[in-house]
Amino acid sequence: MRRCEINPVYASSKELIDGIPSRFVREGEVLYQWRNCIKKISMGDGRVWNVKSFKVPHLLNRFIYRYFRKSKAERSYHNALRLLQYGVDTPTPIAYMVEQNVWGISHSYYISEQLTYDCDMHSLLDKPPADFEKLLRGYAQFVYSFHHKGIYFLDLSLGNTLIVRKSDGEARYYLVDLNRTWFYDRPLTCREGVKGFCRLDTVWKNKDFILHEYAKAGGYEYADVLRNYKKCERQDNLRRAFKDRGIIGFIKMFLFGDNS
């Protein structure tokens, strides 16, 4: 049994969308493969779609995603539509598809337009261009802009923001990997906003610059931004220590910090 929801704009492409699971197995260029797999697939009519196949959940989560929670594919699709409504750029969502039976879900797919972009934040920091600081400043302003709209994007890691350079020299920023996005009916607080930056895996010089620019965009005192960031970083490190090293690692991190 298959459950599928298609963006009304792409209703005429239903036959192509229905064929995605079989095409995904034998076609497409792999863009990313770890827990999930992302492929770029040419649809044969000049269009190129981005298809994300989510890892099959373990047995309990298969049941939970079938009856109690939206699947990651479904959340990605609806979050993308909502982001666009809020004026936040993300590749155009086409559809999501979930294969399921009475016991739960198995394979699930999120389909969007393949975005032609210049770089992501990861490659930007690896090979800084001449306008590096300008792009970092724009990134900080972009993040604050959707935080101010009440959007909390949990996966604010380097690979999840794509950058498209415009002809006027400015840049547009696009969010991807959307299944963990929350929407509030109020702007985020300073502490809620800076918490996401803990996931930025880069040297402190870059992160410090971003935090300074975020403070300017939000009208915050930098000392408040830094204090909140350090608190969130400490909590994030403790969480990771418990997850990666168990209770002993958690205790060592709590008592001695990173150098234990």
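Here we summarise the structure given alongside this text. (Residues numbered from 1 in each chain as written. Predicted model: local features only at pLDDT ≥ 70, side-chain atom pairs only at ≥ 80, totals over all residues. Heavy atoms only, no water.)

Re the nonpolar core
Condition: Only buried residues count toward a nonpolar core, which is a set of Ala, Val, Leu, Ile, Met, Phe, Trp, Tyr and Cys residues joined through side-chain atoms within 4.5 Å. A 1.4 Å probe rolled over the protein chains alone gives each residue an accessible area, and that area as a share of the maximum for its type sets the label: buried under 20%, exposed over 50%, partly exposed in between. Where helices and strands are cited, they refer to DSSP runs of H or I of at least four residues and of E of at least two residues respectively, numbered from the N terminus. Should any heavy atoms of two residues lie within 4.5 Å, those residues are counted as being in contact.
Judged by nonpolar contacts, the single largest core of 47 residues is most densely connected at Leu 124, Leu 136, Tyr 139, Val 143, Phe 146, Leu 175 and Phe 197. The element that contributes the greatest number of residues to this core is helix 6 (residues 132-148), accounting for nine residues. With sequence-adjacent residues up to four places away left out, Val 143 is seen in contact with Leu 156, Phe 197 and Tyr 214. In this structure, Tyr 10, Ile 20, Cys 37 and Tyr 109 belong to the second largest nonpolar core, which totals 14 residues.

Description of the packing of aromatic side chains
What counts, and what does not: Aromatic pairs are defined between Phe, Tyr and Trp rings, using the six-membered ring for Trp, whenever the two ring centres lie within 6.5 Å; interplanar angles under 30 degrees are classed as stacked, those over 60 as edge-to-face, and all others as tilted. For a Lys NZ or an Arg CZ to count as sitting over a ring, it must be within 6 Å of the ring centre and within 35 degrees of the ring normal.
Counted by the stated rule, this structure contains 14 aromatic pairs. Ring geometry for Phe 24 and Tyr 109: centres 5.8 Å apart, planes at 65 degrees, overall edge-to-face. One end of the pair, Phe 24, is in helix 2 (residues 20-26); the other, Tyr 109, is in strand 6 (residues 104-113), with 85 residues separating them in the sequence. Tyr 109 sits in the buried class, given a relative accessible area of 5%. The positively charged end of Lys 39 is found above the aromatic ring belonging to Phe 24, 5.0 Å away from the centroid. Note that Arg 186 overlies the ring of Tyr 184, its terminal NZ or CZ placed 4.9 Å from the centroid.

Description of the sheet that holds strand 7 (residues 119-120)
Put simply, the test is: Strand pairing requires that DSSP identify at least two bridges connecting the strands. Every axis in this analysis is a line fitted to C-alpha atoms, fitted for helices over the stretch in contact. Angles between the N-to-C directions lie between 0 and 180 degrees.
Strand order in the open sheet made by the three strands is 7-9-10, with antiparallel pairing throughout. One side of each edge strand has no neighbouring strand; the edge strands of this open sheet are strand 7 and strand 10 (171-175). Of the pairings in the sheet, the one linking strand 9 (residues 161-165) to strand 10 comprises five bridges and is antiparallel in character. Bridge pairing in strand 10 places Arg 165 opposite Ala 171. Along the sheet, helix 6 makes contact with strand 9 and strand 10, crossing strand 10 at roughly 50 degrees.

Some thoughts on the side chain of Thr 90
For the record, the criterion: A 3.5 Å cut-off defines polar contacts: any pair of N or O atoms within that distance qualifies, except that in protein one atom must be a possible hydrogen donor and the other a possible acceptor, and neighbouring residues in sequence count only when both atoms are side-chain atoms.
Tracing the chain through its elements places Thr 90 in the loop between helix 4 (72-85) and strand 5 (93-101). Judged by relative accessible area, Thr 90 falls into the buried class, the value being 5%. Polar contacts involving the side chain of Thr 90 include one to the main-chain carbonyl oxygen of Leu 175, which spans 2.6 Å. Leave out the neighbours within four places in its chain, and Thr 90 touches Ala 80, Leu 83, Leu 84, Tyr 174, Leu 175 and Leu 178.

Here's the deal with the pairing of strand 5
Taking burial as the measure, the nine residues of strand 5 include eight buried ones, the bulk of the element. Two elements, strand 5 and strand 6, share seven bridges in a ladder whose sense is antiparallel. Residue pairing across strands places Pro 93 opposite Ser 112, the latter belonging to strand 6. Between strand 5 and strand 6, which pair antiparallel in sequence order, lie two residues.

What about the pairing of strand 3 (residues 37-42)?
In this structure, strand 2 (residues 29-33) lies alongside strand 3, joined through four bridges in antiparallel fashion. Bridge pairing links Gln 33 to Cys 37 in strand 3. Hairpin connection between strand 2 and strand 3: a loop of three residues separates the two successive antiparallel strands. Looking at chain direction, strand 3 and strand 4 (residues 48-54) are connected through six bridges and run antiparallel. Within the sheet, the bridge partner assigned to Ile 41 lies in strand 4 and is Trp 49. A loop of five residues connects strand 3 with strand 4, the two strands running antiparallel in sequence, and Gly 44 in this loop sits at a positive phi of about 85 degrees.

Focus: the environment of Leu 60
Within the secondary structure, Leu 60 is located in helix 3 (residues 59-67). Classification of Leu 60 by relative accessible area gives exposed; the value is 53%. With 41 residues separating them in the primary sequence, Leu 60 and Gly 19 have C-alpha atoms 28 Å apart.

A word on helix 4
This is how it is decided: One less than the residue count of a helix, multiplied by 1.5 Å, gives the span that helix is expected to have.
Relative to the 20 Å expected for 14 residues at 1.5 Å per residue, helix 4 spans 20 Å between its end C-alpha atoms, a close match to the ideal helical length. Taken together, the buried positions of helix 4 are occupied by Ala 73, Glu 74, Arg 75, Ser 76, Tyr 77, Asn 79, Ala 80 and Leu 83.

Some remarks on the pattern of salt bridges
To keep things clear, this is the line we draw: Whenever a carboxyl oxygen of Asp or Glu lies within 4 Å of a side-chain nitrogen of Lys or Arg, that contact is scored as a salt bridge.
Counting across every chain of the model gives 17 salt bridges. Measuring nitrogen to oxygen at the nearest pair gives 2.7 Å for the salt bridge that ties Arg 227 to Asp 224. Highlighted residues: Arg 227 and Asp 224, both in helix 9 (residues 222-256), separated by three residues, approximately one helical turn. Residue Arg 227 is classed as partly exposed on the basis of its relative accessible area of 43%. Of the residues examined, Asp 224 reaches a relative accessible area of 29% and is grouped as partly exposed. What emerges from the salt-bridge pattern is a single network uniting Arg 23, Arg 26 and Glu 27.

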